[in-house]
Amino acid sequence: MTESLSPAARQDIASHLHPYTNLARHEEVGPLVLTHGKGIYVYDERGTEYIEGLAGLWCASLGFGEEELVSAALEQMRKLPFYHTFSHKSHPPAIELAERLKAVAPVPMSKVFLANSGSEANDTVVKLLWYYNNSRGRPEKKKIISRIKAYHGVTVAAASLTGLPLNHRDFDLPIARILHTDCPHHYRFAQPGESEEDFATRLAASLEQLILAEGADTVAAFIAEPIMGAGGVIVPPRTYFEKVQAVLRRHDVLMVADEVICGFGRTGNFWGSQTFGIRPDILTCSKALTSGYLPMAAVLISEAIYEGLREESRKIGMFSHGFTQSGNPTCAAVAVKTMELMERRNVVEHVREVAPRLQEGLRRFADHPLVGEVRGVGLIGGIELVADKASRKPFDPTQRVGAYCAERAQAHGLILRPMLDTIGFCPPLIIEGGQIDALLERFGEALNETHAWVRKG
Ligand SMILES: Cc1ncc(COP(=O)(O)O)c(C=O)c1O
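Quick notes on the rules
- Every chain is numbered on its own, with residues counted from 1 as its sequence reads.
- In keeping with the model being predicted, local features are shown solely for residues with a pLDDT of at least 70 and side-chain atom pairs are shown and tallied solely at 80 or more, while totals for entire chains, interfaces and linings include all residues.
- Side-chain numbers here rest on the full set of heavy atoms in the structure, without hydrogens or water.
- Each helix is a run of DSSP H or I of at least 4 residues and each strand a run of E of at least 2, with the numbering of both proceeding from the N terminus.
- The span you would expect from a helix comes to 1.5 Å times its residue count less one.
- The classification of residues rests on relative accessible area computed with a 1.4 Å probe and restricted to protein chains. Under 20% of the type maximum is buried, over 50% is exposed, and intermediate values are partly exposed.
- For Phe, Tyr and Trp, rings pair up if their centres lie within 6.5 Å, where Trp contributes its six-membered ring, and each pair is then called stacked (planes under 30 degrees apart), edge-to-face (over 60) or tilted (otherwise).
- Charges are assigned to positions over rings by a cutoff of 6 Å between ring centre and Lys NZ or Arg CZ, combined with an angular limit of 35 degrees from the ring normal.
- We define a salt bridge as a contact between a side-chain nitrogen of Lys or Arg and a carboxyl oxygen of Asp or Glu at a distance within 4 Å.
- Here a cavity denotes grid points, spaced 1 Å and computed from the protein atoms alone, that fit a 1.4 Å probe unable to get out, and a pocket denotes an open set having protein on both sides within 12 Å along at least 5 of 7 lines; residues with an atom within 4 Å of a point are the lining.
- Grid points are joined across faces, edges and corners, and a volume is the space filled by probe spheres set on the points.
- When residues are grouped by polarity, Ala, Val, Leu, Ile, Met, Phe, Trp, Tyr, Cys and Pro land in nonpolar, Asp, Glu, Lys and Arg in charged, and all others, Gly among them, in polar.

Caption draft 1: How the structure looks around helix α10 (residues 196-214). The terminal C-alpha atoms of α10, which comprises 19 residues, lie 27 Å apart, in line with the 27 Å expected from a rise of 1.5 Å per residue. Turning to α10, its buried residues are Phe 199, Ala 200, Leu 203, Ala 204, Leu 207, Glu 208 and Ile 211. The positive-phi residue at the C-terminal boundary of α10 is Gly 215, with phi of around 100 degrees.

Caption draft 2: Geometry of the packing of aromatic side chains. The full count for this structure, using the stated rule, is 12 aromatic pairs. Judged by centre distance (6.3 Å) and plane angle (35 degrees), the ring pair of Phe 82 and Tyr 83 falls under tilted. A relative accessible area of 33% places Phe 82 in the partly exposed class. For Tyr 83, a relative accessible area of 31% gives the class partly exposed. Arranged with centres 3.9 Å apart and planes meeting at 5 degrees, the rings of Tyr 404 and Trp 453 form a pair that is stacked. You can see Tyr 404 sitting in helix α16 (residues 401-411) and its partner Trp 453 sitting in helix α17 (residues 433-456), a full 49 residues away along the chain. Site record: aromatic cluster; members linked through ring pairs are Tyr 240, Phe 241 and Phe 276. Lying across the ring of Tyr 306, Lys 111 places its NZ or CZ 4.2 Å from the centre. Over the ring of Trp 130 we find Arg 177, and its NZ or CZ is 4.5 Å from the ring centre.

Caption draft 3: The arrangement of the pattern of salt bridges in detail. Counting across every chain of the model gives 25 salt bridges. One continuous salt-bridge network, built from bridges that share partners, spans Glu 66, Glu 68, Lys 337, Glu 340, Arg 344 and Arg 345.

Caption draft 4: Layout of unusual backbone geometry. Across the junction of Leu 173 and Pro 174, the peptide omega takes the value 5 degrees, indicating a cis bond. Relative to the helices and strands, Pro 174 is located in the loop between α8 (165-168) and β6 (178-181). Although it is not a glycine, Trp 58 adopts a positive phi angle of roughly 65 degrees. Mapped onto the elements of the fold, Trp 58 is located in helix α3 (residues 55-58). Here His 88, not a glycine, exhibits a phi torsion of approximately 70 degrees, which is positive. Mapped onto the fold, His 88 is located in the loop between α4 (67-79) and α5 (92-104).

Caption draft 5: Structural detail: the layout of surface pockets. Its volume calculated, the second largest pocket comes out at about 1100 Å³. Forming the walls of the second largest pocket are 31 residues, and the residues nearest its centre are Thr 85, Val 112, Phe 113, Phe 319 and His 321. Only α5, β4 (111-115), β10 (297-301) and α13 (303-316) provide two or more residues apiece to the lining of the second largest pocket. Sorting elements by how many residues they give to the lining of the second largest pocket places α5 first, with 5 residues. In the lining of the second largest pocket, the residues fall into 14 nonpolar, 12 polar and 5 charged.

Encoded structure:
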């Protein structure tokens, strides 16, 4: 089967261990080798063009080949390509980035910690919460509540926060003191006839029960993505965050918003927190922070948390956390330029303008026999494929129906991401109306071919 593969693809099989891949299957099918990109398109080594329907991994928000980002990186590399931010050192790009992030934060924030990935940012959050509660003389208040189907990354603590079975299985995770509460997916988990509001009330009550059962004095924080991304683009039911945050306030449990996907305009506001009325004590972001061009992530913390960290570091001598590349100047310069371009080009406005075309277009597939639910907000969407529309019965995962659909989309020049049988849509934010139509048309062909394939058994 590998005879038809290019030399590069064969070398890849021989040498490269791929993340998030069935390694045995990779030896048979090899990689799609991508060589360049422009705007919403990427090109493989044979020159075939694809619409990047997921902005890479939910991140290339300003599209590919953005010269201003390239120039920002080059300029900074010539000036000061690397410097660290440990022990009272700093540099202009890190300072400007922290300032800019504070200025756009959805609620007043005190300080910005810089890291390199969403996982590092969320791992940092776990450590900050523990350190903070030690500073407050509450050594028991350390548990963190996440949700079933959440995605918060893959490092040891972040993968523990993640609520997906394959991120735990055989990795001996989750670690202690991480708990998972209900997934807020109305289509899958609401009771018959239960409204979105009633479902939200029930989930908030269930969260409260969990906090009480564990003991509120042992629970430090609740972490949530405004829209769950990798768990299947799950949009929370109406009133969910309002009710959840009322519970958290009652029990002095902090709210952590993971904005790694939803931040930077994705949902039609700068932050997903603004779209869903979340008032976070801690906020993490990454991905679109540099439009995916270079690794960068940030953790924004409230004044109260900062004060705790400051006092503990005063007491024990050091806040001993940080990465060699925390705030790398080249990455920070690209992040600053990304934020500047978003502002100058009114990218969030643009998302608001074109999002209805994507959302309405996706909803036109709702009647398709293979489609169980269509969901999404702004420029993020998901289409869940089901074996039986009336009973909502999912496909047997071994059938790989979602993966087949994504393969057919790729054959039609559209890269999408299957999350089991939910197909994710998250195009670059610069996508234009006509390009959305092309994306939908290509997906429609893939969906029909998937339906024919399923019917053939
Ligand atoms: C919501 C969310 N948090 C955290 C992460 C982890 O980010 P990274 O892959 O950069 O470690 C992701 C990655 O997809 C994510 O979607």
